Amino acid sequence: MSAPSPGPTAALPLAGLRILTFEAFGAGPFGSMYLADLGAEVIKIESRAQGGDATRGMGPYFLGEHDSHFFQTFNLNKRSVCLDLKSDEGRTAFRRLVATADAVLNNLRGDQPDKLGLTYPALREVNPRIICAHLSAYGRDNARRGWPGYDYLMQAEAGYLHVTGEPGSPPARMGLSIVDYMTGITTALALLAALFGVQRGGEGRDVDVSLFDVALHQLSYPGTWYLNDGLVTGRMPRSAHPTATPVQLFRTADGWIFLMCMTEKFWQELLRVLDAPHIAADPRFASMPLRREHREALTPLLDAVLGGDTTANWLRRLQGVLPAAPVNDMAQALETPFPLATGMIRSTPHPLRADFRSFANPIKLDGHRLEARSAPALGADTDTVLAELGYSAAEIAGLHARGVT
């Protein structure tokens, strides 16, 4: 089964929007890639002297000079313009570009946008409708505004490392930079909300989102439990849910399976499939609160039954009955037929590697996956964009010669 072919680019909902970005690493580029995938013209403003976005030089896998697998992961469908904002000519070109744009997004340290003139007060004279979105580590309006920060640090300070992993083990972070990705998407949402306000007759404005705020916000219901009743949610054995049971890992004959009996109905379905009357008749497991209370007794009993068959066979029996999943490693997750059949893994040919593959955007429009093209070479669109702004070929050549572009 093949995935539906992409719909026409002209139908993309953000077509016509121009968004300028000053971004590097994961959070900002991840968020702006959603905007680019949905049709916005996202122009990365990069410094040629610094080699552009830092991830262009991040290994271990490269695609020629100033390009890498890491960079391609976060920058599909974008354009690249090199400008030196430390020069008068570079700042002039940038302001001319702002006059044509709808938003400016950065993921710089909190004290940098004011210094570089990337805020709404600095740009409103050029474009009173411009949205200036700031994604920083800790925000721009507090004592930590000048602090650098990264995903792992946010996970550590916001408490994630003490709700991840097995009890008694050292604190553990999540295996992926989840705070970066959540913050990128939150920033994209905030930017679009602000643009919607402008289109309804409002003016431009500054929009701020920080890694730390998003990390703290995502403590969600365990955080609410603590704030109101002082309950400290810790690490649970087998990656279990803090209250619902059984919702955790279980051993099978050849590995692991994750079961989620979030409701009484699913528990009853599990008992039916397992055909384990000794568990069904045990009064310790007669209700969700009792199962939670006797979790340590229930786990080995379920292990014993599930250990009698393979993960694949259990999944065949449980499919469509209750939520269950295999516990895959990276290779298994990416080589199984399902994501290939749905189009989540696709070919994105690169000038230096025709067989390069990437992930599709998870959003579908009218049942179609969004189109994608490889991330741009450093400064690939500089001349074209400057010409659109009215610079002559001679003027562009002069900017190149003086190191402005």
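Anything mentioned here points back to the structure above.
Overview of the structure. Note that the coordinates shown come from a computational prediction; the quantities given were computed from them, not determined experimentally. (Residues numbered from 1 in each chain as written. Predicted model: local features only at pLDDT ≥ 70, side-chain atom pairs only at ≥ 80, totals over all residues. Heavy atoms only, no water.)

**Some points on the overall build of the protein chain**
Tallying secondary structure elements over the protein chain gives 18 helices and 13 strands in all. Relative to its full complement of 405 residues, the protein chain shows a buried share of 44%. Within the protein chain, the 42 negative side-chain charges are centred at a point lying 1 Å from the centre of the 38 positive side-chain charges. (Helix = DSSP H or I, 4+ residues; strand = E, 2+ residues; numbered from the N terminus. Buried < 20%, exposed > 50% of the residue type's maximum accessible area, 1.4 Å probe, protein only. Lys, Arg positive; Asp, Glu negative; His and termini not counted. Charge placed at Lys NZ, Arg CZ, Asp CG, Glu CD.)

**Overview of the pairing of strand β4 (residues 103-106)**
A regular strand carries its side chains on alternate faces of the sheet. Of the two faces of β4, both are covered, the one formed by Ala 103 and Leu 105 as well as the one formed by Val 104 and Asn 106. By the bridge criterion, 4 bridges tie strand β1 (residues 18-22) to β4 in an arrangement that is parallel. Its bridge partner lying in β4, Phe 22 is registered against Asn 106. For β4 and strand β5 (residues 131-136), the ladder comprises 4 bridges, and the chain directions are parallel. Bridging across to β5, Val 104 finds its partner in Cys 132. (Pairing = 2+ DSSP bridges.)

**Observations regarding the sheet that holds β4**
Spatially, β3-β2-β1-β4-β5-β6 is the arrangement adopted by the 6 strands of the open sheet, whose pairing is parallel. Two strands close off the open sheet at either side, each with one partner strand: β3 (79-82) and β6 (205-210). Neighbour-to-neighbour, the strand axes of the sheet open up by a mean angle of 20°, direction not taken into account. Packing of helix α1 (residues 27-37) onto the sheet brings it into contact with β1, β2 (41-46), β4 and β5, and relative to β2 it is tilted by some 150°. Sitting on the sheet, helix α7 (residues 178-199) is in contact with β1, β4, β5 and β6, with an inclination near 165° to β5. (Axes fitted to C-alpha atoms, helices over the stretch in contact; angles between N-to-C directions. Contact = heavy atoms within 4.5 Å.)

**Structural notes on the side chain of His 241**
Topologically, His 241 is positioned in the loop between α9 (220-229) and β7 (247-251). Under the relative-accessibility criterion, His 241 is labelled buried at 16%. Within the local environment of His 241, its side chain forms a polar contact with the backbone nitrogen of Ala 244, the two atoms lying 3.0 Å apart. (Polar contact = N/O pair within 3.5 Å; in protein donor to acceptor, adjacent residues only side chain to side chain.)

**Brief notes about the nonpolar core**
Judged by nonpolar contacts, the single largest core of 25 residues is most densely connected at Leu 20, Ile 45, Phe 94, Val 104 and Ile 130. Counting only elements with at least two residues in this core, the list comes to β1, β2, α3 (88-98), α5 (120-123), α17 (382-388) and α18 (393-401). Every residue in contact with Val 104, bar those within four places of it in the chain, is listed here: Leu 20, Phe 22, Phe 94, Val 98, Leu 123, Ile 130, Ile 131, Cys 132 and Ala 133. (Core = buried A, V, L, I, M, F, W, Y, C linked by side-chain atoms within 4.5 Å.)

**Looking at the sheet that holds β7**
Taken in spatial order, the 3 strands of this open sheet run β7-β8-β9, and their pairing is antiparallel. Single-partner strands in this sheet number two, and they are β7 and β9 (324-326). Pairs of neighbouring strands in the sheet enclose a mean axial angle of 25°, with direction left out of account. The sheet contact formed by β7 and strand β8 (residues 256-260) spans 5 bridges and is antiparallel. The residue of β8 that forms the bridge with Val 247 is Met 260. The sheet contacts of helix α13 (residues 295-306) involve β7 and β8, and relative to β7 the element is tilted by about 45°.

**With respect to α3**
Taken together, the buried positions of α3 are Gly 90, Ala 93, Phe 94, Leu 97 and Val 98. Summarising the axial view, the buried residues of α3 lie within an arc of 145°, below the 170-degree limit, and thus occupy one face. Those residues of α3 that are buried lie in contact with β1, β2, β4, α5 and α17. (Arc of directions from axis to C-beta.)

**What about the environment of Thr 311?**
Within the fold, Thr 311 resides in helix α14 (residues 311-318). According to the relative accessible area criterion, Thr 311 is buried, its value standing at 9%. For the pair Thr 311 and Arg 238, spaced 73 residues apart in sequence, the C-alpha to C-alpha distance is 16 Å. Apart from the residues within four sequence positions on either side, Thr 311 is in contact with Thr 252, Asp 254, Gly 255, Trp 256, Ile 257 and Pro 326.

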